[in-house]
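Structural features, examined
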Amino acid sequence: MNWNIPNILTLLRLLAAPGVAIMFLYFTRPWADWFALVLFVSAAVTDFFDGYLARKWNQESNFGRMMDPIADKAMVVIALMVLVALYSLNPWILLPATLIVFREVFVSGLREFLGADAEKLQVTKLAKWKTTAQMIAIAVLFAKGVFEHYYIGLTIGMDDDMVNDILSGKIDDELGLVNMQLGSEISFSIGRVLLGIAAVLTLITGYDYFQKSIPYLRDDKK
């Protein structure tokens, strides 16, 4: 293996995947949400730069081609697992996350079965948009946790009436509760829509990949 910058970025992205979950083992919230969000976004950015730099510097390698999709899948699957836990099996998160994981496992198994023939099936632009949609949705949903826990922290010591009066404007909002609540609601609304779109794109690209692989699955192929 050639330890060039594109390959190092890909490897760092792979190592960052379990790091997202580990943040919630060693840090309390909202710090864990912050660290997980920053780590995930930083790793997602490398998904663009490793491929771009590899092509620009003519440093494309078998290691990079093999590790890049593995790193992407590890990031997405582990982050979705964390989000499902954080959102307490919320169906808006659980259902699309289940569909995405199902597709990734199915396609990974299919690629393994096809072996060398898998290289003949080109990655489509829609598949790249699928990965982008997944990562943006996950980042937005992590951001929701940041807003939510700052909101909870700011309301400690307040009774429900006081909180309601602040949110309704009867009491001056000196702590920014309205902004924290609004940020939490908007990020969840946008995040779940994006995750739903990502799930649809994931299923479409999975079906497309399966259709293209059918000639290689026939028992009578020559």
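Residues numbered from 1 in each chain as written. Predicted model: local features only at pLDDT ≥ 70, side-chain atom pairs only at ≥ 80, totals over all residues. Heavy atoms only, no water.

Named according to an unreviewed UniProt entry, the protein is CDP-diacylglycerol--glycerol-3-phosphate 3-phosphatidyltransferase originating from Paramylibacter kogurei. Under the heading Catalytic activity (unreviewed entry), UniProt records this for the protein: "a CDP-1,2-diacyl-sn-glycerol + sn-glycerol 3-phosphate = a 1,2-diacyl-sn-glycero-3-phospho-(1'-sn-glycero-3'-phosphate) + CMP + H(+)". In UniProt, the protein has this text filed under Sequence similarities (unreviewed entry): "Belongs to the CDP-alcohol phosphatidyltransferase class-I family." (UniProt positions renumbered as here; feature names shortened; annotations may be inferred.)

Quick notes on the packing of aromatic side chains
Scanning the model with the defined rule gives eight aromatic pairs in all. Geometrically, the ring pair formed by Phe27 and Phe35 is edge-to-face, given 4.7 Å between the ring centres and 70 degrees between the ring planes. Put simply, the rings of Phe24, Phe40 and Phe142 touch in pairs and so form one group of aromatic residues. Seen from the ring of Phe188, Lys144 lies directly overhead, with NZ or CZ sitting 5.5 Å from the centre. Just above the ring of Trp92 sits the side chain of Arg192; from NZ or CZ to the centre is 4.4 Å. (Phe/Tyr/Trp six-rings, centres within 6.5 Å; stacked < 30°, edge-to-face > 60°. Lys NZ or Arg CZ within 6 Å of the ring centre and 35° of its normal.)

Some thoughts on a nonpolar patch on the surface
A contiguous nonpolar patch, built from Ile22, Leu25, Tyr26, Phe27, Trp31, Trp34, Phe35, Val38 and Tyr150 and spanning about 960 Å² of accessible area, is present on the exposed surface. When contributions to the nonpolar patch are tallied by element, the ones reaching two or more residues are α1 (5-26) and α2 (31-56). Residue position: Tyr26 is located in helix α1. (Patch = residues over 30% accessible without salt bridge, like charges linked within 9 Å, V, L, I, M, F, W, Y side chains within 5 Å. Areas by Shrake-Rupley, 256 points an atom, 1.4 Å probe, with all protein chains shown as cover. Salt bridge = Lys/Arg side-chain N within 4 Å of Asp/Glu carboxyl O. Helix = DSSP H or I, 4+ residues; strand = E, 2+ residues; numbered from the N terminus.)

Remarks on the pattern of salt bridges
Going through the model one piece at a time under the given rule, you end up with 10 salt bridges. A salt bridge links Arg13 to Asp47; its shortest N-O distance comes to 3.3 Å. Of this pair, Arg13 sits in helix α1 while Asp47 sits in helix α2, and the two are 34 residues apart along the sequence. Close ionic contact of Arg29 with Asp33 constitutes a salt bridge, the shortest N to O distance being 2.8 Å.

With respect to the UniProt feature "transmembrane region" (unreviewed entry) in the protein
With numbering aligned to this structure, UniProt lists the feature "transmembrane region" (unreviewed entry) at residues 7-28, 34-53, 74-94 and 190-210. Across residues 7-28, the secondary structure splits into 91% helix and 0% strand, with the terminal C-alpha atoms separated by 33 Å.

Topic: the domain arrangement of the protein
Along its sequence, the protein is organised into domain 1 (1-87) and domain 2 (89-215). Taking only C-alpha atoms into account, the centre of domain 1 sits 16 Å from that of domain 2. Every contact between the two is made by 24 residues of domain 1 and, on the other side, 25 residues of domain 2. Buried area between domain 1 and domain 2, summed over both chains or domains, comes out near 2,300 Å², and the portion from carbon and sulfur atoms is 79%. If you look at where domain 1 meets domain 2, you find one salt bridge. The salt bridge involving Lys73 is made with Glu104; its shortest N-O contact spans 3.6 Å. (Domains from an automatic or database assignment. Contact = heavy atoms within 4.5 Å. Buried area = accessible area lost by both parts, 1.4 Å probe.)

What about unusual backbone geometry?
The general pattern is negative phi for most residues beyond glycine and trans for most peptide bonds. Each neighbour pair has its own omega, and for Arg29 with Pro30 the value is 10 degrees, a cis peptide bond. As for its position among the elements, Pro30 is in the loop between α1 and α2. The backbone of Ser88 shows a phi angle near 55 degrees, a positive value even though the residue is not glycine. Using a relative accessible area of 60% as the deciding quantity, one classes Ser88 as exposed. (Buried < 20%, exposed > 50% of the residue type's maximum accessible area, 1.4 Å probe, protein only.)

A few points about the side chain of Thr202
Along the polypeptide, Thr202 turns up in helix α7 (residues 177-217). Residue classification places Thr202 among the buried positions, given a relative accessible area of 0%. In this structure the side chain of Thr202 is engaged in a polar contact, spanning 2.9 Å, whose partner is the side chain of Gln134. (Polar contact = N/O pair within 3.5 Å; in protein donor to acceptor, adjacent residues only side chain to side chain.)

Side note on the packing of α1 against α2
α2 packs onto α1 with a crossing angle of 160 degrees between their chain directions and a minimal axis gap of 8 Å. Accordingly, the angle class assigned to the pair α1 and α2 is roughly antiparallel. When the axes of α1 and α2 are compared, the crossing they make is left-handed. Classifying every residue of the contact of α1 with α2 by side-chain character gives 16 nonpolar, three polar and four charged. (Axes fitted to C-alpha atoms, helices over the stretch in contact; angles between N-to-C directions. Parallel < 35°, antiparallel > 145°, perpendicular 65-115°, else oblique. Left-handed = near helix turned anticlockwise from the far one by under 90°. Nonpolar A, V, L, I, M, F, W, Y, C, P; charged D, E, K, R; others polar.)

Remarks on the packing of α2 against helix α5 (residues 125-154)
Where α2 meets α5, the closest approach of the two axes is 9 Å, and the angle between their N-to-C directions is 165 degrees. Here α5 runs roughly antiparallel to α2, going by the angle between their axes. Taken as a pair, α2 and α5 cross one another with a handedness that is left-handed. The segment α2 lies against α5, with Asp33, Trp34, Ala36, Leu37, Phe40, Val41, Ala44 and Asp47 engaging Thr131, Met135, Ile138, Ala139, Phe142, Ala143, Gly145, Val146, His149 and Tyr150. Here the contact of α2 with α5 is built from residues that sort into 13 nonpolar, three polar and two charged.

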